[in-house]
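Secondary and tertiary structure notes
This is what each chain is made of:
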Amino acid sequence: MLSIRHLNKTYSGPRSRLMLRDINLAVAPGEYVAIMGESGVGKSTLLNLIAGLDLPDGGSIAFDGTELTTLDDTARTLLRRDRMGFVFQAFHLLPHLTVMRNIMLPLALSGAEPDKSSKLTGEMLEAVGITALAAAYPRELSGGEMQRVAIARALVHRPKLVLADEPTGNLDTDSARQVLRVLREQIMRSAGAGILVTHSPAAAATTDRVYVLTADGLHPQLAG
Ligand SMILES: Nc1ncnc2c1ncn2[C@@H]1O[C@H](COP(=O)(O)OP(=O)(O)O)[C@@H](O)[C@H]1O
Ligand SMILES: [Mg+2]
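Presented here is a report on the structure given in the accompanying data block.

Thresholds applied
- Residues numbered from 1 in each chain as written.
- Chains lettered and ligands numbered in written order.
- Predicted model: local features only at pLDDT ≥ 70, side-chain atom pairs only at ≥ 80, totals over all residues.
- Heavy atoms only, no water.
- Phe/Tyr/Trp six-rings, centres within 6.5 Å; stacked < 30°, edge-to-face > 60°.
- Buried < 20%, exposed > 50% of the residue type's maximum accessible area, 1.4 Å probe, protein only.
- Salt bridge = Lys/Arg side-chain N within 4 Å of Asp/Glu carboxyl O.
- Helix = DSSP H or I, 4+ residues; strand = E, 2+ residues; numbered from the N terminus.
- Core = buried A, V, L, I, M, F, W, Y, C linked by side-chain atoms within 4.5 Å.
- Contact = heavy atoms within 4.5 Å.
- Pairing = 2+ DSSP bridges.
- Axes fitted to C-alpha atoms, helices over the stretch in contact; angles between N-to-C directions.
- Near = heavy atom within 4 Å.
- Polar contact = N/O pair within 3.5 Å; in protein donor to acceptor, adjacent residues only side chain to side chain.
- Areas by Shrake-Rupley, 256 points an atom, 1.4 Å probe, with all protein chains shown as cover.

As for the packing of aromatic side chains
In the structure shown here, the tally under the stated rule is 1 aromatic pair. Look at Phe86 and Phe88: their rings are 6.2 Å apart centre to centre, the planes differ by 10°, and that puts the pair in the stacked class. Note on Phe88: relative accessible area 30%, which makes it partly exposed.

Some remarks on the pattern of salt bridges
Per the counting criterion, the structure on display carries 11 salt bridges. A salt bridge links Arg81 to Asp82, with the shortest nitrogen-to-oxygen separation between them at 3.1 Å. Taking relative accessible area as the criterion, Arg81 reaches 32% and is therefore assigned partly exposed. A salt bridge links Arg184 to Asp208; its shortest N-O distance comes to 3.2 Å. One end of the pair, Arg184, is in helix H6 (residues 173-189); the other, Asp208, is in the loop between helix H7 (201-204) and strand E9 (209-214), with 24 residues separating them in the sequence.

Some details on the nonpolar core
Ranked by size, the top nonpolar core spans 34 residues in total, and within it Val87, Val99, Ile103, Ile151 and Leu183 carry the most contacts. Elements supplying a minimum of two residues to this core: helix H3 (99-109), helix H4 (114-127), helix H5 (143-155), strand E7 (161-165) and H6. Ranked by residue count, the leading element in this core is H5, at 7 residues. Once residues lying within four places of it in the same chain are set aside, the contact partners of Val99 are Leu125, Ile130, Leu133, Ala134, Ala136, Leu141 and Val149.

Brief notes about H3
The set of residues buried in H3 consists of Val99, Asn102, Ile103, Met104, Pro106 and Leu107. Elements in contact with the buried residues of H3: H4 and H5. Just beyond H3, the residue with positive phi is Gly111, at close to 75°.

Considerations on the sheet that holds strand E4 (residues 58-63)
The strand order across the open sheet built from 4 strands is E2-E1-E4-E5, with neighbouring strands paired in antiparallel fashion. Each of the sheet's edge strands pairs with one partner strand only, and the pair in question is strand E2 (17-27) and strand E5 (66-67). Relative to E2, strand E1 (residues 2-11) is paired through 7 bridges, and the arrangement is antiparallel. What sits directly across from Ile4, in E2, is Leu25. Against the sheet, helix H1 (residues 43-50) engages E1, E2 and E4, with an angle of about 120° to E1.

Structural notes on the site of ligand 1
Taken together, Tyr11, Arg15, Arg17, Met19, Glu38, Ser39, Gly40, Val41, Gly42, Lys43, Ser44 and Thr45 form the complete shell of residues around ligand 1. Here an oxygen atom of ligand 1 sits 3.3 Å away from a polar atom, N or O, in the main chain of Val41. A total of 570 Å² of accessible area belongs to ligand 1 in isolation, and the protein chains cover 62% of it. Here the element with the most residues in the shell around ligand 1 is H1; it accounts for 3 residues.

Here it is in C-alpha coordinates:
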(Lines give C-alpha, C1' and ligand atoms only; values in the text may rest on other atoms or scores of the structure.)
(Ligands and ions follow the chains in the order given, each with its own letter.)
Protein backbone atom coordinates (compact mmCIF):
# COMPACT_ATOMS: atom_id res chain seq x y z
CA MET A 1 0.00 0.00 0.00
CA LEU A 2 2.69 2.46 1.08
CA SER A 3 6.42 1.94 0.83
CA ILE A 4 8.82 4.71 1.79
CA ARG A 5 12.51 4.18 1.08
CA HIS A 6 15.49 6.31 2.09
CA LEU A 7 13.42 9.47 2.24
CA ASN A 8 15.23 12.74 2.94
CA LYS A 9 13.86 16.23 3.30
CA THR A 10 15.66 19.48 3.95
CA TYR A 11 13.96 22.84 4.26
CA SER A 12 16.04 25.45 2.49
CA GLY A 13 16.42 29.03 3.67
CA PRO A 14 18.21 30.73 6.53
CA ARG A 15 17.33 27.99 9.04
CA SER A 16 18.16 25.21 6.61
CA ARG A 17 18.63 21.78 8.17
CA LEU A 18 18.03 18.15 7.35
CA MET A 19 14.49 17.62 8.59
CA LEU A 20 13.87 13.98 7.69
CA ARG A 21 16.83 11.63 7.46
CA ASP A 22 16.69 8.25 5.71
CA ILE A 23 13.06 7.48 6.54
CA ASN A 24 11.87 3.94 5.75
CA LEU A 25 8.33 2.74 6.32
CA ALA A 26 6.07 0.06 4.86
CA VAL A 27 2.33 -0.03 5.54
CA ALA A 28 0.24 -2.90 4.15
CA PRO A 29 -3.50 -2.77 3.33
CA GLY A 30 -5.52 -3.07 6.53
CA GLU A 31 -2.64 -1.89 8.72
CA TYR A 32 -2.92 1.03 11.11
CA VAL A 33 0.30 2.50 12.45
CA ALA A 34 1.21 5.33 14.80
CA ILE A 35 4.04 7.82 14.46
CA MET A 36 5.16 9.53 17.65
CA GLY A 37 7.96 12.02 18.20
CA GLU A 38 8.81 15.35 19.76
CA SER A 39 7.22 18.54 18.55
CA GLY A 40 9.12 19.99 15.60
CA VAL A 41 10.83 16.71 14.67
CA GLY A 42 9.06 16.56 11.29
CA LYS A 43 5.93 14.43 11.74
CA SER A 44 3.67 16.78 9.80
CA THR A 45 6.40 17.22 7.20
CA LEU A 46 6.44 13.45 6.70
CA LEU A 47 2.64 13.31 6.34
CA ASN A 48 2.80 16.16 3.80
CA LEU A 49 5.29 14.16 1.73
CA ILE A 50 3.12 11.02 1.89
CA ALA A 51 0.16 13.18 0.83
CA GLY A 52 2.15 14.53 -2.11
CA LEU A 53 1.70 18.09 -0.85
CA ASP A 54 5.45 18.54 -0.90
CA LEU A 55 8.34 16.70 -2.57
CA PRO A 56 11.35 15.09 -0.85
CA ASP A 57 14.97 15.84 -1.70
CA GLY A 58 15.74 12.15 -2.03
CA GLY A 59 14.24 8.70 -1.71
CA SER A 60 11.00 7.18 -2.90
CA ILE A 61 7.36 7.04 -1.85
CA ALA A 62 5.39 4.28 -3.54
CA PHE A 63 1.68 4.52 -2.84
CA ASP A 64 -0.90 2.08 -4.20
CA GLY A 65 1.40 1.11 -7.08
CA THR A 66 2.49 4.62 -8.03
CA GLU A 67 5.80 6.37 -7.35
CA LEU A 68 4.63 9.72 -6.00
CA THR A 69 7.89 11.53 -6.63
CA THR A 70 7.58 11.04 -10.40
CA LEU A 71 4.11 12.60 -10.64
CA ASP A 72 3.42 16.22 -11.49
CA ASP A 73 1.34 18.49 -9.22
CA THR A 74 -1.95 17.72 -10.96
CA ALA A 75 -1.47 13.96 -10.83
CA ARG A 76 -0.53 14.11 -7.14
CA THR A 77 -3.57 16.27 -6.40
CA LEU A 78 -5.89 13.80 -8.12
CA LEU A 79 -4.33 10.82 -6.40
CA ARG A 80 -4.62 12.54 -3.03
CA ARG A 81 -8.24 13.53 -3.67
CA ASP A 82 -9.33 10.09 -4.86
CA ARG A 83 -7.31 7.70 -2.72
CA MET A 84 -6.41 9.47 0.52
CA GLY A 85 -8.35 10.89 3.44
CA PHE A 86 -7.19 13.43 6.05
CA VAL A 87 -8.03 14.20 9.65
CA PHE A 88 -6.43 17.23 11.32
CA GLN A 89 -6.05 18.44 14.89
CA ALA A 90 -8.04 21.61 14.09
CA PHE A 91 -10.88 19.68 12.33
CA HIS A 92 -10.87 21.97 9.23
CA LEU A 93 -14.62 21.75 8.67
CA LEU A 94 -16.22 24.35 6.43
CA PRO A 95 -18.27 26.60 8.76
CA HIS A 96 -20.93 27.61 6.23
CA LEU A 97 -21.77 24.00 5.29
CA THR A 98 -23.93 21.64 7.32
CA VAL A 99 -22.49 18.42 8.74
CA MET A 100 -24.03 16.50 5.85
CA ARG A 101 -22.54 18.87 3.22
CA ASN A 102 -19.14 18.78 4.88
CA ILE A 103 -19.06 15.00 4.72
CA MET A 104 -20.31 14.97 1.13
CA LEU A 105 -17.65 17.39 -0.07
CA PRO A 106 -14.99 14.88 -1.20
CA LEU A 107 -17.65 13.07 -3.23
CA ALA A 108 -18.86 16.31 -4.80
CA LEU A 109 -15.27 17.26 -5.68
CA SER A 110 -14.67 13.94 -7.44
CA GLY A 111 -17.94 14.24 -9.37
CA ALA A 112 -19.90 11.39 -7.74
CA GLU A 113 -23.57 11.10 -8.67
CA PRO A 114 -25.93 12.81 -6.20
CA ASP A 115 -27.82 9.59 -5.37
CA LYS A 116 -24.64 7.71 -4.65
CA SER A 117 -23.27 10.66 -2.65
CA SER A 118 -26.36 10.82 -0.46
CA LYS A 119 -26.30 7.11 0.20
CA LEU A 120 -22.59 7.02 1.13
CA THR A 121 -22.92 10.14 3.26
CA GLY A 122 -25.91 8.70 5.13
CA GLU A 123 -23.94 5.52 5.81
CA MET A 124 -20.97 7.50 7.14
CA LEU A 125 -23.19 9.65 9.40
CA GLU A 126 -24.55 6.50 10.93
CA ALA A 127 -21.19 4.78 11.15
CA VAL A 128 -19.66 7.58 13.23
CA GLY A 129 -22.83 8.06 15.29
CA ILE A 130 -23.88 11.57 14.24
CA THR A 131 -26.99 11.00 12.13
CA ALA A 132 -28.97 13.35 14.40
CA LEU A 133 -26.51 16.16 13.62
CA ALA A 134 -26.79 15.95 9.82
CA ALA A 135 -28.42 19.38 9.46
CA ALA A 136 -26.35 21.13 12.15
CA TYR A 137 -23.49 23.54 11.42
CA PRO A 138 -19.98 22.96 12.80
CA ARG A 139 -20.28 25.84 15.33
CA GLU A 140 -23.14 23.96 17.01
CA LEU A 141 -20.99 20.88 17.71
CA SER A 142 -18.59 19.84 20.46
CA GLY A 143 -14.96 19.16 19.56
CA GLY A 144 -15.49 15.41 19.65
CA GLU A 145 -18.52 15.72 17.36
CA MET A 146 -16.57 17.92 14.95
CA GLN A 147 -13.82 15.35 14.79
CA ARG A 148 -16.32 12.59 14.08
CA VAL A 149 -17.62 14.70 11.17
CA ALA A 150 -14.04 15.09 9.98
CA ILE A 151 -13.50 11.31 10.19
CA ALA A 152 -16.68 10.72 8.19
CA ARG A 153 -15.48 13.22 5.59
CA ALA A 154 -12.03 11.61 5.45
CA LEU A 155 -13.50 8.16 4.80
CA VAL A 156 -16.65 8.81 2.76
CA HIS A 157 -14.91 8.18 -0.58
CA ARG A 158 -13.35 4.95 0.73
CA PRO A 159 -9.71 6.05 0.54
CA LYS A 160 -6.86 3.54 0.45
CA LEU A 161 -4.94 5.50 3.08
CA VAL A 162 -6.09 7.73 5.94
CA LEU A 163 -3.62 10.24 7.41
CA ALA A 164 -4.50 11.65 10.83
CA ASP A 165 -2.28 14.42 12.25
CA GLU A 166 -2.78 14.69 16.03
CA PRO A 167 -6.56 14.24 15.68
CA THR A 168 -7.12 14.22 19.43
CA GLY A 169 -4.82 17.16 20.20
CA ASN A 170 -7.77 19.48 20.89
CA LEU A 171 -10.03 16.99 22.67
CA ASP A 172 -10.68 16.02 26.28
CA THR A 173 -9.89 12.47 27.36
CA ASP A 174 -13.39 11.06 26.87
CA SER A 175 -13.91 12.63 23.44
CA ALA A 176 -10.42 11.55 22.42
CA ARG A 177 -11.16 7.96 23.38
CA GLN A 178 -14.39 7.97 21.38
CA VAL A 179 -12.75 9.61 18.34
CA LEU A 180 -9.90 7.08 18.39
CA ARG A 181 -12.35 4.20 18.57
CA VAL A 182 -14.35 5.56 15.63
CA LEU A 183 -11.21 6.28 13.61
CA ARG A 184 -9.88 2.77 14.09
CA GLU A 185 -13.27 1.18 13.36
CA GLN A 186 -13.70 3.14 10.16
CA ILE A 187 -10.19 2.49 8.88
CA MET A 188 -10.68 -1.24 9.51
CA ARG A 189 -14.16 -1.22 7.95
CA SER A 190 -12.90 0.42 4.78
CA ALA A 191 -10.05 -2.15 4.65
CA GLY A 192 -7.74 0.75 3.92
CA ALA A 193 -4.61 1.62 5.84
CA GLY A 194 -4.07 4.40 8.35
CA ILE A 195 -1.28 6.48 9.83
CA LEU A 196 -1.92 8.22 13.14
CA VAL A 197 0.46 10.97 14.25
CA THR A 198 0.09 11.54 17.97
CA HIS A 199 1.81 12.67 21.15
CA SER A 200 -0.35 10.42 23.26
CA PRO A 201 0.83 6.90 24.19
CA ALA A 202 -2.83 5.99 24.83
CA ALA A 203 -3.71 7.07 21.29
CA ALA A 204 -0.75 5.23 19.81
CA ALA A 205 -1.84 2.09 21.65
CA THR A 206 -5.03 1.97 19.55
CA THR A 207 -2.93 1.18 16.45
CA ASP A 208 -1.20 -2.02 15.33
CA ARG A 209 2.39 -0.76 15.40
CA VAL A 210 4.13 2.30 16.82
CA TYR A 211 7.09 4.18 15.32
CA VAL A 212 9.09 7.01 16.81
CA LEU A 213 10.45 9.76 14.57
CA THR A 214 13.76 11.28 15.69
CA ALA A 215 16.48 13.31 14.00
CA ASP A 216 18.11 9.97 13.05
CA GLY A 217 15.09 8.49 11.31
CA LEU A 218 11.95 6.52 11.96
CA HIS A 219 12.30 3.59 14.35
CA PRO A 220 9.90 0.93 15.63
CA GLN A 221 9.04 1.63 19.25
CA LEU A 222 10.60 -0.92 21.53
CA ALA A 223 8.13 -2.95 23.55
CA GLY A 224 7.62 -2.10 27.20
N1 LIG B 1 7.69 25.03 4.71
C2 LIG B 1 8.63 25.05 5.66
N3 LIG B 1 9.78 25.72 5.47
C4 LIG B 1 10.74 25.73 6.41
N5 LIG B 1 10.64 25.10 7.59
C6 LIG B 1 9.51 24.43 7.84
C7 LIG B 1 8.45 24.36 6.90
N8 LIG B 1 7.45 23.60 7.44
C9 LIG B 1 7.88 23.22 8.66
N10 LIG B 1 9.11 23.70 8.90
C11 LIG B 1 9.92 23.46 10.11
O12 LIG B 1 10.19 22.08 10.16
C13 LIG B 1 10.15 21.61 11.49
C14 LIG B 1 9.25 20.41 11.61
O15 LIG B 1 7.92 20.79 11.47
P16 LIG B 1 6.72 19.75 11.55
O17 LIG B 1 6.87 18.74 10.48
O18 LIG B 1 5.48 20.55 11.56
O19 LIG B 1 6.99 19.05 12.97
P20 LIG B 1 6.00 18.21 13.89
O21 LIG B 1 4.75 17.95 13.14
O22 LIG B 1 6.77 16.97 14.24
O23 LIG B 1 5.77 19.03 15.10
C24 LIG B 1 9.74 22.78 12.37
O25 LIG B 1 10.90 23.30 12.97
C26 LIG B 1 9.17 23.76 11.38
O27 LIG B 1 9.41 25.09 11.82
MG1 LIG C 1 2.83 18.46 13.43
